[in-house]
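Below, each chain spelled out in residue letters.
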Amino acid sequence: MDFALSDEQRFLQDAAKDALGRVKTVEAARGALEGEALPDLWETARTAGWTGLLVPEERGGAGLGALEAMLVMAECGRVLAGLPLLGHLPASALVGAAAGQEELSAELASGEKRAAYVPARPPDWSVEAERGYARGAALELADGALSGRVCWVPDAPGADVLVAVAGHGTAVLLADGFEVEPVTSYDATRSLGHVTLDGAAATPLEVDADAAPGAWHLTQALIAAESFGAVEECLARSVTYAKERFTFGRAIGSYQAVKHALVEVLRRMENARSLIYYAGWAGQNAPGEFPLAASAARVSAGGALDFASRELISVHGGIGATWEHDAPLFFRRAQLSRRLAGGLGGAKDAVAGSLLAA
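Residues numbered from 1 in each chain as written. Predicted model: local features only at pLDDT ≥ 70, side-chain atom pairs only at ≥ 80, totals over all residues. Heavy atoms only, no water.

1. A closer look at the sheet that holds strand 2 (residues 140-142)
At step 1: Pairing is antiparallel across the open sheet formed by four strands, whose spatial order is 2-3-7-6. Because the sheet does not close on itself, it has two edges, and the strands there are strand 2 and strand 6 (178-183). Recorded for the sheet is a direction-independent mean angle of 15° between the axes of neighbouring strands.
At step 2: Two elements, strand 3 (residues 145-154) and strand 7 (residues 192-201), share eight bridges in a ladder whose sense is antiparallel. Along strand 7, the bridge assignment pairs L146 with A200. (Pairing = 2+ DSSP bridges. Helix = DSSP H or I, 4+ residues; strand = E, 2+ residues; numbered from the N terminus. Axes fitted to C-alpha atoms, helices over the stretch in contact; angles between N-to-C directions.)

Set out below in structure tokens:
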């Protein structure tokens with residue numbers, strides 16, 4: 001199995017890096033903690049075609065797969081970009097695969113409208129609760145009306161449409177009748193909202209049986225890729241500083257404790273890279289392997305980012321823990337990302353359940 005990226009995939013990766021590099025997103029992340037508005041990157045995403053990555057070509061999209069979406073998400077994670085693709089991409093993939101949704105698919109692909117996926121975990125379709133580890137009950141669909149409450153929904157504030165999954169795995173489209181309460185989070189670059197549905201009119205999406213579970217697993221893969229990009233940046237910053245900072249006449253990177261810590265970041269990063277490439281390949285070539293691959297990638301990348309962000313602070317010493325330094329921003333991203341969409345605990349359970357069942 002060849003995990004090397006194609007020329008087209010590398011071009012997409014480089015183009016994303018270039019486009020996001022034109023905006024000072026890390027500086028904006030710090031400003032957002034002080035109440036400043038984040039830069040609006042949606043137009044950047046529209047121009048680059050990221051909004052339609054997972055929408056079929058015949059419906060106005062790029063017709064690409066999970067791996068290409070993950071490559072873009074990795075570049076977003078590298079610079080802590082507050083870009084609402086985590087919610088939009090799974091939702092647009094579901095709408096793009098649904099019969100009779102050609103017009104909306106084209107609008108989502110072009111970025112004229114923005115969608116947000118409301119995460120629901122198969123097979124019980126439970127949702128995120130506001131507090132605690134217990135998950136909320138599945139959304140209830142009765143007579144075309146959807147009811148329930150889902151908390152911490154990525155990119156829900158400002159979305160034109162929501163795509164949710166009710167009990168029994170029925171994917172539905174919500175154009176109105178829902179209430180989104182924006183919530184302040186630990187990571188100010190992440191747009192989150194509590195979604196309340198009180199009999200909202202829901203249009204069932206005519207998709208294959210595996211489409212609704214696929215949206216959940218795609219979300220796991222996208223979070224993994226975003227986390228991986230942040231790990232790469234944490235390691236690069238740590239190594240650069242370890243070479244430049246001298247103490248007792250020696251670069252701190254020459255000390256064994258520092259070297260061992262950074263090698264461990266590298267080890268975790270490369271493990272995550274392999275699993276992310278595998279998940280991307282499985283999403284397009286082996287759908288039956290995608291659930292396990294996506295969950296494993298989420299576990300590996302999430303753990304790597306937690307470790308790498310802590311080492312980024314540690315390598316920089318006292319200054320690394322200050323408000324003025326960038327290191328705590330990556331730590332904030334790590335701690336929030338590991339709790340979204342079932343969290344790392346849920347991904348670990350999924351991996352263990354799959355392996356034990358086999």
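Now that the structure is up, let's keep going.
2. Brief notes about the sheet that holds strand 5 (residues 170-174)
At step 1: Within the open sheet, the four strands sit side by side as 1-4-5-8. Their pairing is mixed. Each edge of the sheet is formed by a strand with only one pairing partner; in this case those strands are strand 1 (115-117) and strand 8 (203-204).
At step 2: As defined by bridge partners, strand 1 adjoins strand 4 (residues 161-166) across three bridges and the pair is classed as parallel. Of the residues in strand 4, the one forming a bridge with Y117 is V163.

3. Remarks on the confidence of the model for the chain
At step 1: Mean pLDDT over the chain: 94, with 99% of residues reaching 70 or higher.
At step 2: Across the chain, the secondary-structure element scoring lowest on mean pLDDT is strand 9 (residues 246-247), at 82, and the one scoring highest is strand 1, at 98. (pLDDT = per-residue confidence, 0-100.)

4. Considerations on the packing of helix 4 (residues 66-78) against helix 8 (residues 256-285)
At step 1: Here helix 4 crosses helix 8 at 145°, and the two axes come no closer than 7 Å. In this structure, helix 4 uses A66, L67, E68 and M70 to contact helix 8, whose residues at the interface are I276, Y277, A279, G280, G283 and Q284.
At step 2: Its residues assigned to classes, the contact of helix 4 with helix 8 comprises six nonpolar, three polar and one charged. (Contact = heavy atoms within 4.5 Å. Nonpolar A, V, L, I, M, F, W, Y, C, P; charged D, E, K, R; others polar.)

5. Side note on the nonpolar core
At step 1: Counting residues in hydrophobic clusters, the biggest one holds 109 residues, and the most contacted among them are W50, L85 and L146.
At step 2: Examining the composition of this core, we find that 16 residues originate from one element, helix 7 (residues 211-244), more than from any other.
At step 3: Sequence-distant contacts of L146, that is, excluding residues within four places in its chain, are made with L139, E140, L141, A164, A166, V172, L174, L197, D198, G199, A200 and A202. (Core = buried A, V, L, I, M, F, W, Y, C linked by side-chain atoms within 4.5 Å. Buried < 20%, exposed > 50% of the residue type's maximum accessible area, 1.4 Å probe, protein only.)

6. Remarks on the side chain of R78
At step 1: Note that R78 resides in helix 4.
At step 2: The exposure class of R78 is buried, given its relative accessible area of 15%.
At step 3: There is a polar contact of 3.0 Å between the side chain of R78 and the side chain of E75.
At step 4: When neighbours within four sequence positions are excluded, R78 is seen to be in contact with K17, G229, A230, E232, E233 and F330. (Polar contact = N/O pair within 3.5 Å; in protein donor to acceptor, adjacent residues only side chain to side chain.)

7. Some remarks on the side chain of E75
At step 1: Mapped onto the fold, E75 is located in helix 4.
At step 2: Ignoring anything within four residues of it in the chain, the contact list for E75 reads Q13, A16, K17 and L20.

8. Quick word on the packing of aromatic side chains
At step 1: On inspection of all chains with the given rule, the structure shows one aromatic pair.
At step 2: Measuring from centroid to centroid gives 6.2 Å for Y278 and W281, while their planes differ by 20°, and the two rings are stacked. Here the residue Y278 and the residue W281 both occupy positions in helix 8, the gap between them amounting to three residues, near one helical turn.
At step 3: One Lys or Arg, R268, reaches over the ring of F307 and ends 4.4 Å from the middle of that ring. (Phe/Tyr/Trp six-rings, centres within 6.5 Å; stacked < 30°, edge-to-face > 60°. Lys NZ or Arg CZ within 6 Å of the ring centre and 35° of its normal.)

9. Comments concerning the environment of T240
At step 1: Looking at the element boundaries, T240 is found in helix 7.
At step 2: A polar side-chain atom of T240 sits 2.9 Å from the main-chain carbonyl oxygen of A236.

10. Here's the deal with the pairing of strand 7
At step 1: Pairing analysis gives six bridges linking strand 6 to strand 7, with the strands arranged antiparallel. When the sheet's bridge partners are listed, V183 is paired in strand 7 with L192.

11. Let's talk about helix 4
Along an α-helix, a turn takes 3.6 residues, which lines up residues three or four apart on a common side.
At step 1: Under the 1.5 Å per step criterion, the end-to-end length of helix 4 is 18 Å for 13 residues, consistent within 8% with the ideal 18 Å.
At step 2: With 13 of 13 residues buried, helix 4 is to be regarded as a mostly interior element.
At step 3: With its phi angle positive at about 55°, L80 sits one or two positions after the end of helix 4. (Expected span 1.5 Å × (residues − 1).)

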